[in-house]
Amino acid sequence: MDGKRYLQEGFNVLTGGFQKAGWKSVVANDQPNEKNHTYAHTPYMYSGGERGGPMATYLVTASQRNNFDLWMNTAVKWVVREGGHATGIEVQAFRDGGYSGTVQLTPGTGRVILSAGTFGSAKILLRSGIGPKDQLQIVQQSDDAATMIKEDSWISLPVGYNLMDHLNVSFFYDCRIGKVI
């Protein structure tokens, strides 16, 4: 809560090496395209002095709505659609207590927001027939082929192209020998 980072000894040792090697210090979220010969503190979301994220922010406000349900142990497989209009989502249980089947959206006004991470959101879109033709053809040959939307309903969008992710690299520095191992 005091805005300070603690136990920075390891980071500081590595920083010295990176600086001597000509690497640049960046704030990862402020400079998302700076990925070559850069280093940064891991970006965390803090609230009230505790590490948070979507579970500590969005989920708190969403759970206060009367039209919100939290389904655990359930994954979205694809968006059910007619042309460019989403009509539902197909879900599957991946553990006991999860839901399986089609969840219908409100006719005419239903919307879907996909938030399954960098790779998961793209996977759901591709399974839904939304993406580059070459990638959709790969999905068409997969285990999902039997339930995939027909090719004449595919929507060509650059899903997954120029995908950029923040990579984390772990270094192990042995103080006894003064080397990264």
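Definitions and limits used
- Position numbers for residues count from 1 along each chain, tracking the sequence in the order it is written.
- Selection of residues for local features in this predicted model requires a pLDDT of at least 70, selection of side-chain atom pairs for listing and counting requires 80 or more, and totals for whole chains, interfaces and linings are taken over all residues.
- Values shown for side chains rest on all heavy atoms present in the structure; no hydrogens or waters enter the calculation.
- Helix and strand assignments come from DSSP, with helices taken as H or I runs of at least 4 residues and strands as E runs of at least 2, each series counted from the N terminus.
- Only protein chains enter the accessibility calculation, which uses a 1.4 Å probe; a residue is then buried when its area is under 20% of its type maximum, exposed when over 50%, and partly exposed in between.
- Pairs of residues are marked as contacts when any of their non-hydrogen atoms sit within 4.5 Å.
- For the accessible areas, the method is Shrake-Rupley and the probe is 1.4 Å, while residue cover comes only from the protein chains on display.
- Polar contacts, as counted here, are pairs of nitrogen or oxygen atoms within 3.5 Å of one another; within protein the pair requires one atom able to donate a hydrogen and one able to accept it, and residues that are adjacent in sequence qualify only if both atoms are side-chain atoms.
- Paired strands are those between which DSSP finds at least two bridges.
- Only C-alpha atoms enter the line fits that serve as axes; for helices the fit covers just the stretch in contact. Angles between N-to-C directions range over 0 to 180 degrees.
- What counts as a salt bridge is simple: a side-chain nitrogen of Lys or Arg found within 4 Å of a carboxyl oxygen of Asp or Glu.
- Classification of ring pairs rests on two measures: the distance between centres of Phe, Tyr or Trp rings, Trp counted by its six-membered ring, which must be within 6.5 Å, and the angle between planes, read as stacked under 30 degrees, edge-to-face over 60 and tilted in between.
- Joining through side-chain atoms within 4.5 Å is the link that ties buried Ala, Val, Leu, Ile, Met, Phe, Trp, Tyr and Cys residues into a set, and such a set is a nonpolar core.

## Overview of the overall build of the protein chain
Helices and strands together make up the secondary structure of the protein chain, namely 4 helices and 9 strands. Listed by position from the N terminus, the elements making up the protein chain come as α-β-β-β-β-α-β-β-β-α-α-β-β. Within the protein chain, the fraction of its 181 residues that count as buried is 22%. Long-range pairs, those at least 24 residues apart, make up 38% of the contacts in the protein chain with a sequence separation of at least 6. Total accessible area computed for the protein chain in this model is approximately 13,800 Å², and 52% of it derives from carbon and sulfur atoms.

## Focus on the side chain of Thr15
Relative to the helices and strands, Thr15 is located in helix H1 (residues 9-20). From its side chain, Thr15 meets the backbone oxygen of Phe11 in a polar contact 2.8 Å long.

## As for the side chain of Lys77
Here Lys77 shows up in strand S5 (residues 74-82). The exposure class of Lys77 is buried, given its relative accessible area of 19%. Among the polar contacts listed, one links the side chain of Lys77 to the side chain of Asp144, at a separation of 3.4 Å. If near-sequence neighbours (up to four positions away) are discounted, Lys77 is found in contact with Glu90, Val91, Gln92, Ile124, Arg127 and Asp144.

## Considerations on the sheet that holds strand S7 (residues 101-104)
Spatial ordering of the open sheet is given by S5-S6-S7, a layout of 3 strands whose pairing is antiparallel. Unpaired on one side and paired on the other, S5 and S7 mark the two borders of the sheet. Shown here is a sheet whose adjacent strand axes are inclined to one another by a mean of 30 degrees, direction ignored. Two strands pair when backbone bridges link them, and S5 and strand S6 (residues 85-93) are joined in this way by 8 bridges, in the antiparallel orientation. By the bridge assignment for S6, Glu82 is matched with His85.

## Here we look at the pattern of salt bridges
All chains considered together, the criterion is met by 4 salt bridges. A salt bridge links Lys24 to Glu34; its shortest N-O distance comes to 3.3 Å. Linking Lys24 in strand S1 (residues 24-25) with Glu34 in the loop between S1 and strand S2 (38-39), this pair joins segments that are 10 residues apart in sequence. Accessibility expressed as a relative area gives 38% for Lys24, which makes it partly exposed. On the accessibility criterion, Glu34 (35% relative accessible area) is partly exposed. A salt bridge links Asp144 to Lys77; the shortest N-O distance between them is 3.4 Å.

## Observations concerning the packing of aromatic side chains
Counting across every chain of the model gives 4 aromatic pairs. Where Phe18 meets Trp23, the ring centres are 4.6 Å apart and the plane angle is 15 degrees; that geometry is what we call stacked. Note on Phe18: relative accessible area 14%, which makes it buried. Among the aromatic residues, those joined into a cluster by ring pairs are Phe11, Phe18, Trp23 and Tyr39.

## Quick look at the nonpolar core
Within the largest apolar cluster, 9 residues are counted, these being Ala122, Leu126, Ile130, Leu136, Val139, Met148, Ile149, Trp154 and Val159. Among the secondary structure elements, those contributing two or more residues to this core are helix H3 (117-127) and helix H4 (133-140). With near-sequence residues (within four places) excluded, Val159 lies in contact with Ala122, Leu125, Leu126, Ile130, Gly131 and Pro132. Judged by nonpolar contacts, the second largest core, of 6 residues, contains Ala86, Val91, Leu105 and Ile124.

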